[in-house]
Amino acid sequence: MDTDHGLEQSRELAENMHHWLDLFDRDLGEQEVPLPQRPLQALMMLFRGGAIEVNAGEERIDDPQNIGESVEKLWFRVLFDAVEYWYFEHYGAPAMNAHGSAALKGAQMIRAAPFAIDVPANRIVLEEKGELSWMYFEDGLGEGEDAKAWIDNGPDLSKLDSEARKAVDAEANRTAEILRSVEFRRVTFRSDGDHEVQKLIQSTLTYLCKAAERLVSGQRPEIGPAWFDLQMANETALKAVIRSATGKQPHVHSLNDLLNSGQLHGVVFESSRISDWPKFSDMSDWRYGQGSPPGIAKLYSAYQMSLELVSACMSQIKPGMGSGFGVLIKYSPWSTKNALGEYRDLKNN
C-alpha cells in the first residue's frame, strides 16, 4: 500500500465517519475503555449500530455477527486504519501509543548520583519482525537479560574500576530481580486465592516504584515522600505475608511489630536492620514537606534494605505458576500496519 495514498484515504474515511465515531467514543469513555483499545471497539460498534455496510466485490457485509471472520481482510484493515487515524487526530499519538505494561521503576546509585532503571515487566523475544513475539513471565531475570542495559542515561560504566563495575552490576541485577519477583506474583496470583493479598502485592510494587522515581528525580522536596513510600512498601509486603498465612492483616504501622509477626510466618530478615528506621510520625510529616528527612545517601541505603525486606516477604508467597512460561503475541491482524508501524504487504489480501 502506498503510504501517502493510504493516509489520504484514512483521512477522508475518518471525516465521513466523524459524527458516528464521536458518538461511539463518548460511550466508550463512559465505560472507561483505555484509549489504545477504543479504535477496534469503535469499528465493531459502527457495524453493530448499522452505521456502515461493506460491498467487497460479490460479497456484501452487513451482518455484525460475522465481522470477526473478516478481520484479516483488506477492507477491514482499511476501515480500521481510518478509525485509528480519527483517534490519533482526536487524542494525539502519546495517548494512543500507551500500549502494554509500563516498565518497573528502580533506582541505581553510581558515583554517588542516582539513576533510574526501567525494568521491562516481561522478557520479550522477537519471533518475526513487527509481527510476532514471545512474552515471557519471569520470577526474576531471564536468559540473556542484563539490568545494566536498563539504566536510563547512565554514565559510561567502562570508565569505572572493576570493583565499582561489579558493584553496579550486582545492585542493578538485584533490583531488577526483586521488582520482577513482585510483579510475577501480582500477575500470576491464583484465582482461588484471597485477592486482598494480591492488592497488597500490587501496592508494594507501586510504592517501591514511586520511591525510586522520587529518589532519582533530583528534587529535594521529593525526599520526604520517598521515605514514606518505602515505609508503605515494607508495610504492605509484610501485611501480604501475614494475610496470606492468617486470612487477616494487622492495622498497625510499626515495622518492628509487623516484622515480628512476619517472622512467625517464615519471613527471614534480621530485626536489627530496622532498629534505626525512622518513626512513622516523622515520615508522615516528611510526606507533607515538614521536618528534615535524611538525604539521598541514607535514602538509597533504606531503598536497598527495603528491596531486600520485600524480597524476603515475596519468597513466602507462592506464585500461581512456574517462572519462564511464554505467550506468543500476534500483532493486530486487522491493522494495515505491523507492530513497527510499517505497512504490511497487502498484495495477496
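Residues numbered from 1 in each chain as written. Predicted model: local features only at pLDDT ≥ 70, side-chain atom pairs only at ≥ 80, totals over all residues. Heavy atoms only, no water.

### Comments concerning the overall build of the protein chain
No. 1: Counting secondary structure elements, the protein chain contains 10 helices and 7 strands.
No. 2: Look at the contacts in the protein chain between residues 6 or more apart in sequence, and 69% of them connect residues 24 or more apart.
No. 3: Surface summary for the protein chain: the accessible area is close to 18300 Å², and the carbon and sulfur share equals 48%. (Helix = DSSP H or I, 4+ residues; strand = E, 2+ residues; numbered from the N terminus. Contact = heavy atoms within 4.5 Å. Areas by Shrake-Rupley, 256 points an atom, 1.4 Å probe, with all protein chains shown as cover.)

### Observations regarding the nonpolar core
No. 1: Ranked by internal contacts, the top residues of the largest apolar core, which has 63 residues, are I201, W227, W277, Y303, C313 and M314.
No. 2: Counting only elements with at least two residues in this core, the list comes to β3 (104-110), β4 (113-119), α5 (162-187), α6 (195-216), α7 (223-246), α8 (255-263), α9 (280-287) and α10 (296-314).
No. 3: In terms of residues, this core owes the most to one element, α7, which gives 12 residues.
No. 4: Excluding residues within four positions of it along the chain, M314 makes contact with S181, V182, R185, I201 and A237.
No. 5: One finds M45, F47, V54 and M96 within the second-largest nonpolar core, a separate group that totals 24 residues. (Core = buried A, V, L, I, M, F, W, Y, C linked by side-chain atoms within 4.5 Å. Buried < 20%, exposed > 50% of the residue type's maximum accessible area, 1.4 Å probe, protein only.)

### What to know about the pattern of salt bridges
Once their charged atoms are close, side chains differing in charge can pair, the charge on each being opposite to the other.
No. 1: The full count for this structure, using the stated rule, is 18 salt bridges.
No. 2: We note a salt bridge from E235 to K239, for which the minimum N-O separation is 3.1 Å. With a gap of 4 residues between them, E235 and K239 both fall in helix α7, about one helical turn apart.
No. 3: Residue classification places E235 among the buried residues on the basis of a relative accessible area of 2%.
No. 4: Several salt bridges share partner residues, and in doing so they unite D146, K148 and D169 into one network. (Salt bridge = Lys/Arg side-chain N within 4 Å of Asp/Glu carboxyl O.)

### Some thoughts on the confidence of the model for the protein chain
No. 1: Taken as a whole, the protein chain shows an average pLDDT of 88; of its residues, 88% reach a score of 70 or greater.
No. 2: Element-level mean pLDDT values for the protein chain span from 62 in strand β2 (residues 59-61) up to 98 in α7. (pLDDT = per-residue confidence, 0-100.)

### Notes on the packing of aromatic side chains
Any pair of aromatic rings gets described here by the distance separating the centres and the angle formed by the planes.
No. 1: Enumeration according to the criterion identifies 8 aromatic pairs in this entry.
No. 2: Between Y87 and Y91, the ring centres sit 6.0 Å apart and the planes meet at 15°, which makes this aromatic pair stacked. With Y87 and Y91 both in helix α3 (residues 74-91) and 4 residues apart, this pair spans about one turn of that helix.
No. 3: According to the relative accessible area criterion, Y87 is buried, its value standing at 0%.
No. 4: Given a relative accessible area of 33%, Y91 falls into the partly exposed group.
No. 5: Measuring from centroid to centroid gives 5.8 Å for F228 and F280, while their planes differ by 50°, and the two rings are tilted. Residue F228 is found in helix α7, and its partner F280 is found in helix α9; the two are separated by 52 residues along the sequence. (Phe/Tyr/Trp six-rings, centres within 6.5 Å; stacked < 30°, edge-to-face > 60°.)

### Here's the deal with the packing of α5 against α10
No. 1: The geometry of α5 relative to α10 is characterised by a closest axis approach of 10 Å and an angle of 45° between their N-to-C directions. It follows from the interaxial angle that α5 and α10 lie oblique. Note on packing geometry: the crossing formed by α5 with α10 is left-handed. Together, E171, R174, T175, I178, S181, V182 and R185 of α5 and Y300, Y303, Q304, L307, E308, V310, S311 and M314 of α10 make up the contact between the two elements.
No. 2: Here the residues of the contact of α5 with α10 sort into 7 nonpolar, 4 polar and 4 charged. (Axes fitted to C-alpha atoms, helices over the stretch in contact; angles between N-to-C directions. Parallel < 35°, antiparallel > 145°, perpendicular 65-115°, else oblique. Left-handed = near helix turned anticlockwise from the far one by under 90°. Nonpolar A, V, L, I, M, F, W, Y, C, P; charged D, E, K, R; others polar.)

### Section: the layout of surface pockets
No. 1: Taken as a whole, the second largest pocket encloses approximately 230 Å³ of empty space.
No. 2: Around the second largest pocket, the lining residues are W227, R273, D276, W277, P278, W286, P294, K298, S301, A302 and M305.
No. 3: Split by residue class, the lining of the second largest pocket holds 7 nonpolar, 1 polar and 3 charged. (1 Å grid on protein atoms, 1.4 Å probe; cavity = no way out; pocket = protein on both sides within 12 Å on 5 of 7 lines; lining within 4 Å. Points joined across faces, edges and corners; volume = space filled by probe spheres on them.)

### A short note on the pairing of β3
Side-chain positions along a regular strand alternate between the two faces of the sheet.
No. 1: Of all 7 residues in β3, 6 are buried, a share of seventy percent or more.
No. 2: Alignment of β3 against β4, held across 7 bridges, turns out to be antiparallel. Directly across from L104, in β4, lies its bridge partner V119.
No. 3: Where β3 folds back onto β4 in an antiparallel hairpin, the turn is made up of 2 residues, including R111, whose phi is positive at roughly 50°. (Pairing = 2+ DSSP bridges.)

### Considerations on unusual backbone geometry
No. 1: The backbone of E32 shows a phi angle near 60°, a positive value even though the residue is not glycine.
No. 2: Phi is positive for R111, which is not a glycine, with a value near 50°.

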